[in-house]
Amino acid sequence: MLRTLGVALAMALCAAGAAGAQGYKAPRNAFGQPDLQGTWTNASLTSLVRPAAFKGLTIPEAQAKAFEARQAAARAAQNRPSDPNAGAPTAGDDPGGYNSFWVDPGTAMGRINGEVRTSWIVDPVDGQLPYHAAGKKLYEQTLFRIRNTFDGPESRPLGERCILGFGSTAGPPMLNVLYNNNYQIFQNRDHVSIVVEMNHDARIIPLNDRAQAPKPHLRKWMGHSVGRWEGETLVVETTGFHPDESLRPYFGNSIYISPDAKVTERFTRVSPTQILYRFTVDDPKVYSKPWTAEMPLNASDKPVYEYACHEGNYSLPGILAGARLAEKEGRKVEAVDVSE
């Protein structure tokens, strides 16, 4: 019964979003396609999974404003130098860290069709990832392994190796992270390209080209994507994920997507300043059911900056050198927080 109600609610939410988009028709590009081109951002205080503080998918505007104000006050307090004579904000007691002065997660919760969202996940209705027991174990074992393995660069997360941005910022699905939450979309007749600010990845999506099936022995970092137009919506199906991309660690919103998963994305421009981005992850190896989320991609007038990833040049050699020294001295190599 509960599952039926959950599915019905998710369908109603999708229908509501579609209804909200019916009054707007995106401008056309030179090929007659809905024009999605431009720079967009998913920076937001809303996250994939619903925090325990929120009991439902939406909250009143007044509650959202109060939450946003508390987050702004917390950032301001963290950024205040402890020494009134100091110049730039400091990182406190962590010589290798930085405070919120240097990050850009967003300042507002996500709003879709006039509603404030507490999570991107809409199905299941509790806003949580529906891991089954074996999938949860696989996620936890993989997370433990990368936290405790320092044999070489191949065992470290992709963000440390400067291959992809941390979390699932490159996608699919594309999720908001700590900073560099910008995307630039380009279109021509036969392709759509999404340039991801972190780590300057470019996902090139062929349209209506199903002859190029993914090759099991040649898996791309962001999977094998194929797109098509369904009216006002760009639908992109991605399979054939690289096994090293399965764990996408990011603070409390880490996700696991197996190489055999299928991710279906839907991009619908619903106003001059917003794309509604919906996606479904179908991964029986990890989850008890497909799960669906939706988020706004908001127009940005900011440029997409170069993401100069130095972790591979400095941090990773330091991590491995520290591990070798610990081994030489007979000390246990301590686990590190790879939640980014």
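Quick summary incoming for the structure in this document.

About the thresholds
- Residues numbered from 1 in each chain as written.
- Predicted model: local features only at pLDDT ≥ 70, side-chain atom pairs only at ≥ 80, totals over all residues.
- Heavy atoms only, no water.
- Helix = DSSP H or I, 4+ residues; strand = E, 2+ residues; numbered from the N terminus.
- Buried < 20%, exposed > 50% of the residue type's maximum accessible area, 1.4 Å probe, protein only.
- Contact = heavy atoms within 4.5 Å.
- Areas by Shrake-Rupley, 256 points an atom, 1.4 Å probe, with all protein chains shown as cover.
- Disulfide = S-S within 2.5 Å.
- Salt bridge = Lys/Arg side-chain N within 4 Å of Asp/Glu carboxyl O.
- Core = buried A, V, L, I, M, F, W, Y, C linked by side-chain atoms within 4.5 Å.
- Expected span 1.5 Å × (residues − 1).
- Arc of directions from axis to C-beta.
- Pairing = 2+ DSSP bridges.

Quick look at the overall build of the protein chain
Reasoning step 1: In terms of regular secondary structure, the protein chain is built from four helices and 15 strands.
Reasoning step 2: Per-residue burial over the protein chain gives 48% buried out of 340 residues.
Reasoning step 3: Excluding contacts between residues fewer than 6 apart, the proportion of contacts in the protein chain whose partners are at least 24 apart in sequence is 64%.
Reasoning step 4: Accessible area for the protein chain stands at about 16,900 Å²; split by element, carbon and sulfur atoms hold 56% of it.

Brief notes about the side chain of His242
Reasoning step 1: Along the chain, His242 turns up in the loop between β10 (233-239) and β11 (247-248).
Reasoning step 2: Setting aside residues up to four positions removed in sequence, His242 forms contacts with Arg219, Lys220 and Trp221.

Structural notes on the state of the cysteines
Working definition of a disulfide: a covalent bond connecting the sulfur atoms of two cysteines.
Reasoning step 1: For the structure shown, the criterion picks out one disulfide.
Reasoning step 2: The disulfide that involves Cys162 links it to Cys309, with 2.1 Å between the sulfurs. Between Cys162 and Cys309 the sulfur-sulfur dihedral comes to about -80°; the bridge is accordingly left-handed. You can see Cys162 sitting in the loop between α3 (133-148) and β6 (182-187) and its partner Cys309 sitting in the loop between β15 (291-299) and α4 (311-328), a full 147 residues away along the chain.
Reasoning step 3: Taking relative accessible area as the criterion, Cys162 reaches 24% and is therefore assigned partly exposed.

Brief notes about the pattern of salt bridges
Reasoning step 1: By the definition in use, this model includes 15 salt bridges.
Reasoning step 2: We note a salt bridge from Glu294 to Arg117, for which the minimum N-O separation is 2.8 Å. Linking Glu294 in strand β15 with Arg117 in strand β4 (residues 115-117), this pair joins segments that are 177 residues apart in sequence.
Reasoning step 3: With a relative accessible area of 2%, Glu294 lands in the buried category.

A look at the nonpolar core
Reasoning step 1: Leu48, Leu129, Phe267, Phe279, Tyr287, Trp291 and Leu297 are the most contacted members of the largest nonpolar core, which totals 44 residues.
Reasoning step 2: Secondary structure elements with two or more residues in this core: α3, β6, β7 (191-196), β10, β12 (255-256), β13 (262-271), β14 (274-282) and β15.
Reasoning step 3: Excluding its chain neighbours within four sequence positions, the residues that come into contact with Leu48 are Ser119, Trp120, Ile121, Gly127, Leu129, Leu175, Asn253, Ile255, Phe279, Trp291 and Ala293.
Reasoning step 4: Val103, Phe166, Tyr179 and Cys309 belong to the second-largest nonpolar core, a separate cluster that totals nine residues.

With respect to α3
Reasoning step 1: An ideal rise of 1.5 Å per residue puts 22 Å on 16 residues; α3 measures up with 23 Å between its terminal C-alpha atoms.
Reasoning step 2: All buried positions along α3 are accounted for by Gly135, Tyr139, Thr142, Leu143 and Ile146. Down the axis of α3, the buried side of the element spans an arc of 100°, and every buried residue falls inside it. Facing away from the buried side of α3 by more than 90 degrees, the exposed set consists of Ala133, Ala134, Lys137 and Phe144.

Considering the sheet that holds strand β2 (residues 58-59)
Reasoning step 1: Strand order in this open sheet of three strands is β2-β4-β3, and the pairing throughout is antiparallel. Across the chains shown, the open sheet's two edge strands, defined by having one partner strand only, are β2 and β3 (111-112).
Reasoning step 2: Alignment of β3 against β4, held across two bridges, turns out to be antiparallel. Across the sheet, Ile112 pairs through a bridge with Glu115, a residue of β4.

Describing the environment of Thr142
Reasoning step 1: On the secondary structure map, Thr142 appears in helix α3.
Reasoning step 2: In this structure, the C-alpha to C-alpha distance between Thr142 and Leu247, residues 105 residues apart in sequence, is 7.0 Å.
Reasoning step 3: When sequence neighbours within four positions are dropped, the list of residues in contact with Thr142 reads Leu247 and Tyr256.

As for the pairing of β7
Reasoning step 1: Summarising the sheet, β6 and β7 pair through five bridges and their orientation is antiparallel. Bridging across to β7, Phe186 finds its partner in Ser193.
Reasoning step 2: Between β6 and β7, which pair antiparallel one after the other, the connecting turn spans three residues.
Reasoning step 3: Across six bridges, the pairing between β7 and strand β8 (residues 201-206) is antiparallel. Residue pairing for β8: Ile194 is matched across the bridge by Arg203.
Reasoning step 4: Counted between consecutive antiparallel strands, the loop separating β7 from β8 contains four residues, among which His200 sits at a positive phi close to 45°.

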